[in-house]
Amino acid sequence: MSHENESTIDTTPIQLLTEQYRTDLHAYKERESLYLKTENQLQGTKQIVIEMSSTIRELKTQNDSFQAEIARLNEEIQLLEMQIKK
């Protein structure tokens, strides 16, 4: 009988350790899943920032070109107005 009691006593800590291991493993898997989700969101956000930065540069270049064209047209208008007054 004492052998059976020892077997029961010995398995209880193993069962507790196994349960703790399962709990810890589940928590680790949740953290890993959250990490992967966050990493994917970060990469997506980085790509959006890169694309927006490129678009902003393009718009800035177009805006500068438009401003130069407006200045050129304003000068042309002034020249035409001067010719009309003569």
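Fair warning: this is a prediction, and the values are worked out from it, not measured in the lab. (Residues numbered from 1 in each chain as written. Predicted model: local features only at pLDDT ≥ 70, side-chain atom pairs only at ≥ 80, totals over all residues. Heavy atoms only, no water.)

1. Thoughts on the overall build of the protein chain
- Summing up its helical and strand segments, the protein chain has one helix and zero strands in all.
- When each of the 86 residues of the protein chain is scored for burial, the buried share is 0%. (Helix = DSSP H or I, 4+ residues; strand = E, 2+ residues; numbered from the N terminus. Buried < 20%, exposed > 50% of the residue type's maximum accessible area, 1.4 Å probe, protein only.)

2. With respect to a nonpolar patch on the surface
- A contiguous nonpolar surface patch, about 310 Å² in accessible area, is contributed by Ile-48, Met-52 and Ile-56.
- Relative to the assigned elements, Ile-48 resides in helix H1 (residues 2-85). (Patch = residues over 30% accessible without salt bridge, like charges linked within 9 Å, V, L, I, M, F, W, Y side chains within 5 Å. Areas by Shrake-Rupley, 256 points an atom, 1.4 Å probe, with all protein chains shown as cover. Salt bridge = Lys/Arg side-chain N within 4 Å of Asp/Glu carboxyl O.)

3. Examining the pattern of salt bridges
- Across all of its chains, the model carries four salt bridges by this definition.
- A salt bridge links Asp-64 to Lys-60; the shortest N-O distance between them is 2.9 Å. Here Asp-64 and its partner Lys-60 are both found in helix H1, four residues apart, which amounts to about one turn of the helix.
- Using a relative accessible area of 38% as the deciding quantity, one classes Asp-64 as partly exposed.
- Glu-69 is the salt-bridge partner of Arg-72, the closest N and O atoms lying 2.6 Å from each other. Of this pair, Arg-72 and Glu-69 are both found in helix H1, three residues apart, which corresponds to roughly one turn of the helix.
- Residue classification places Arg-72 among the partly exposed positions, given a relative accessible area of 40%.
- A network of salt bridges, in which partner residues are shared, links Glu-69, Arg-72 and Glu-76.

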